[in-house]
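Breakdown of the fold
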Amino acid sequence: MSRYIVHTFGCQMNAHDSDRMEEVLRAHGWSAADSIEDADLVVLNTCSVREKAEQKLRSEVGKLAPLKSRKNRGLVLAVAGCVAQQEGEKLLARVAHLDLVIGPDNLAELPMLVADQMAGAPPRARTVFDLDAPRFLAAAPEPGAAPVSAFVTTMKGCDERCSFCIVPYTRGPERYRPAAEIIDEVARWVDNGGREVTLLGQTVDSYRDPSLPPPASDDPDESQFPSLLRAIAAGVPGLRRLRYTSPHPRHATASLADAHAEIDILARHVHMPVQSGSDRVLKRMIRRYTRAEYTARVRRLLSTRPDMTISTDIIVGFPGETEQDFQATLDLVRDIGFVGVFGFKYSPRPFTPALKLKDDVSESEKSERLARLFELSEAQTRAHLARLVGTRQVVLVEGPGKTPGTWEGRTERNEIVHVDGRPAEGRALTGELVEVEITQAFKHSLAGLPTTAALSALPKDGGRSRPFRRRRALPLVV
Ligand code: SAM
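Residues numbered from 1 in each chain as written. Predicted model: local features only at pLDDT ≥ 70, side-chain atom pairs only at ≥ 80, totals over all residues. Heavy atoms only, no water.

1. Here we look at the site of the ligand
Around the ligand, the structure places 16 residues, and the nearest of them are Arg50, Gln202, Gln275, Asp313 and Ser347. In this structure, a nitrogen atom belonging to the ligand sits 3.0 Å away from a main-chain N or O atom of Phe164. For the ligand, a nitrogen atom lies 2.6 Å from a polar atom in the backbone of Gln202. Expressed as a share of its isolated accessible area of 570 Å², the protein-covered part of the ligand is 95%. In this structure, the ligand is accommodated by the largest cavity. Breaking the shell around the ligand down by element, the ones donating at least two residues are strand S13 (309-316) and strand S14 (340-345). For the shell around the ligand, the residue count by class is 7 nonpolar, 4 polar and 5 charged. (Near = heavy atom within 4 Å. Polar contact = N/O pair within 3.5 Å; in protein donor to acceptor, adjacent residues only side chain to side chain. Areas by Shrake-Rupley, 256 points an atom, 1.4 Å probe, with all protein chains shown as cover. 1 Å grid on protein atoms, 1.4 Å probe; cavity = no way out; pocket = protein on both sides within 12 Å on 5 of 7 lines; lining within 4 Å. Sits in = over half its atoms within 2 Å of the grid points. Helix = DSSP H or I, 4+ residues; strand = E, 2+ residues; numbered from the N terminus. Nonpolar A, V, L, I, M, F, W, Y, C, P; charged D, E, K, R; others polar.)

2. Remarks on the confidence of the model for the chain
In this model, the chain carries a mean pLDDT of 92, and residues with pLDDT of at least 70 account for 94%. For residues 472-478, every residue scores under 50 in pLDDT, and the model assigns this stretch 28 contacts once sequence neighbours within four places are set aside. (pLDDT = per-residue confidence, 0-100. Contact = heavy atoms within 4.5 Å.)

3. Notes on the nonpolar core
Residues Leu199 and Leu229 are the most contacted members of the largest nonpolar core, which totals 52 residues. For this core, the leading source of residues is helix H7 (residues 179-191), giving 6 residues. Setting aside residues up to four positions removed in sequence, Leu199 forms contacts with Val152, Thr154, Ile182, Val204, Phe225, Leu228, Leu229, Ile232, Leu242, Arg243, Tyr244 and Thr245. Judged by nonpolar contacts, the second largest core, of 22 residues, contains Ile5, Leu75, Val83 and Ala84. (Core = buried A, V, L, I, M, F, W, Y, C linked by side-chain atoms within 4.5 Å. Buried < 20%, exposed > 50% of the residue type's maximum accessible area, 1.4 Å probe, protein only.)

4. What to know about the sheet that holds strand S12 (residues 269-271)
Read from one edge of the open sheet, 3 strands run S12-S13-S14, paired in parallel fashion. The open sheet has two edge strands, S12 and S14, and neither has a second partner. Taken pair by pair, the neighbouring strands of this sheet meet at an average axis angle of 10 degrees, ignoring direction. Here S12 pairs with S13 via 3 bridges, running parallel. Note on S13: the bridge partner recorded for His271 is Ser311. Sitting on the sheet, helix H11 (residues 291-302) is in contact with S12 and S13, with an inclination near 155 degrees to S13. (Pairing = 2+ DSSP bridges. Axes fitted to C-alpha atoms, helices over the stretch in contact; angles between N-to-C directions.)

5. Details of the packing of H11 against helix H12 (residues 323-336)
Put simply, H11 and H12 touch, their axes get as near as 12 Å, and they point 15 degrees apart. Here H11 is positioned roughly parallel relative to H12, judged by the angle of their axes. Helix-helix and strand crossings are classified by hand; for H11 and H12 the assignment is right-handed. Only Ala328, Asp331, Leu332, Asp335 and Ile336 of H12 make contact with H11, whose side of the interface consists of Arg291, Tyr294, Thr295, Val298 and Arg299. By residue class, the composition of the contact of H11 with H12 is 5 nonpolar, 1 polar and 4 charged. (Parallel < 35°, antiparallel > 145°, perpendicular 65-115°, else oblique. Left-handed = near helix turned anticlockwise from the far one by under 90°.)

6. Topic: the sheet that holds strand S7 (residues 149-153)
Read across the sheet, 3 strands follow the order S7-S10-S11 without closing on themselves; strand pairing throughout is parallel. With partners counted over all chains shown, the strands left at the sheet margins are S7 and strand S11 (241-245), one partner each. For this sheet, the mean inter-axis angle between neighbouring strands, taken without regard to orientation, is 25 degrees. As judged from the 5 bridges shared by S7 and strand S10 (residues 196-200), these two strands associate in the parallel manner. When the bridges of S10 are listed, Phe151 appears paired with Thr198. On the sheet, H7 packs against S7 and S10 and is oriented at approximately 165 degrees with respect to S7.

7. Let's talk about empty space enclosed by the protein
Here the structure, examined in full by the defined rule, presents 2 cavities of 30 Å³ or more. In this structure, the largest cavity encloses a volume near 730 Å³. Every residue lining the largest cavity is counted, 42 residues in all, and those nearest its centre are Val49, Cys165, Val167, Gln202 and Asp313. Elements supplying a minimum of two residues to the lining of the largest cavity: helix H1 (12-27), helix H6 (167-171), S13 and S14. In terms of residue class, the lining of the largest cavity is built from 22 nonpolar, 12 polar and 8 charged. As a volume, the second largest cavity reaches approximately 260 Å³. Asp17, Pro104, Arg135, Leu137 and Lys156 are the residues nearest the centre of the second largest cavity, which is lined by 18 residues in total. Mapped onto the lining of the second largest cavity, the elements with two or more residues apiece are H1 and strand S8 (155-156). If you tally residues by element for the lining of the second largest cavity, the top one is H1, at 4 residues. Its residues placed into classes, the lining of the second largest cavity shows 7 nonpolar, 4 polar and 7 charged. (Points joined across faces, edges and corners; volume = space filled by probe spheres on them.)

8. So, the environment of Leu75
By the secondary structure assignment, Leu75 is in the loop between helix H2 (51-71) and strand S4 (76-80). Judged by its relative accessible area of 1%, Leu75 is buried. As a C-alpha pair, Leu75 and Ala441 span 366 residues in sequence and 47 Å in three-dimensional space. Not counting chain neighbours up to four residues away, the residues in contact with Leu75 comprise Ala39, Asp40, Leu41, Val42, Leu67, Lys68 and Asp99.

9. Considerations on the packing of H7 against helix H8 (residues 225-235)
Between two packed helices, what matters for the description is the angle formed by their axes and the separation of those axes. In contact at an axis separation of 10 Å, H7 and H8 are set at 40 degrees when each is read in the N-to-C sense. It follows from the interaxial angle that H7 and H8 lie oblique. Taken as a pair, H7 and H8 cross one another with a handedness that is right-handed. Where H7 approaches H8, its residues Ala179, Ile182, Ile183 and Val186 are matched on the opposing element by Leu228, Ala231 and Ile232. Across the contact of H7 with H8, the residue classes tally to 7 nonpolar, no polar and no charged.

In structure tokens form, the structure reads like this:
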């Protein structure tokens, strides 16, 4: 049997694409290799959102070169994802030992393309967007053994033209997956033991599908995302929690806030990228909202349920960003009270409109601003977590913790909780919603004990063991 390794860089969307690639390969008789040394196929699934991620890929490919030439001449080496889409044939020309370059819309063809390579075909780049008939690879959870938490794709591509962002060029224009397919996939996860789903899309809240109730108005900011959320909640009663990432603030309308107020399985947390707190910079970034508009939208979301939290993405050192602009960003971080911030130094990307602007903030200034941003945001995260000590939180347990006798799960927002399993000895917590008394706060997580009421409600017989991929607190970005 042929064996594969898929190595993932970048965002959750890439992690999700990697899972689908593995499923497609397994459906064609492949199995996972234990190490690169015994793999017949190595796929590097890449990210090109920032230059650093792209450099990482180059060094990885470089490391595989000797393995291919010396140890394993039959090895097929493939690059997938955003760098593949961006570079296409050029990557084949530049990397001598590379066999396949495959774009995000061509993943279903992977087994066939690899078979061609094994049969001696010349190196090949396949990077065609499926504009006319978009394909969405449906997840195939193992019967009865789904992880507690799964991602479900709702759309691909992006129609925004943020001046810094390469995504519209590597993922193409927006195409939406039919709502019926999405609901089916959510139901399939739940039928196989899943409890939580995170809906995925580059601008997940711009979703449209003619089969759903129409948007609330003709306002172009309105979408059918709130209708999709309602349709999932109504159509999959066994679903315990529903999240989504990443929304664009432009579509965070009153209808989205109404959906949060109505749908009790929606998480009390939204990750809403802002990028900057300065109107001057937001305009140059072509974000299509002002700081005041962002603030009003986020405050409306925060008011929908008690204890709602917001996290965000911020870019520092965008061309022309002055110290005053950066101070405006710090001020916004304090004002909104973000509980988590993913901060990035601006990185000029091919094809993007911002390339025309002078990258005039020095590398050392970018690093210094990023450090100041993290100092503030980490203090806010710590204060937020410390406030939760002594409270009771409902934790969805995702699997056993790293320390024997502990379990790991998340609150209704998104805080990671290490649950002391001793009081629950002999009972299976995975997949359960457990009330936990929070006893300790760490830098990025919490610890606690199941309450007496929670213990008596737990099933006594051991639960099934589920695949558990430990996740980071918030969206996974490199
Ligand atoms: N949907 C998100 C939004 O509303 O902008 C975009 C997701 S993007 C894949 C993840 C994050 O990477 C962005 O929010 C942004 O903060 C960061 N990013 C994107 N392009 C960048 C660039 N050229 N330099 C630095 N950071 C960048």
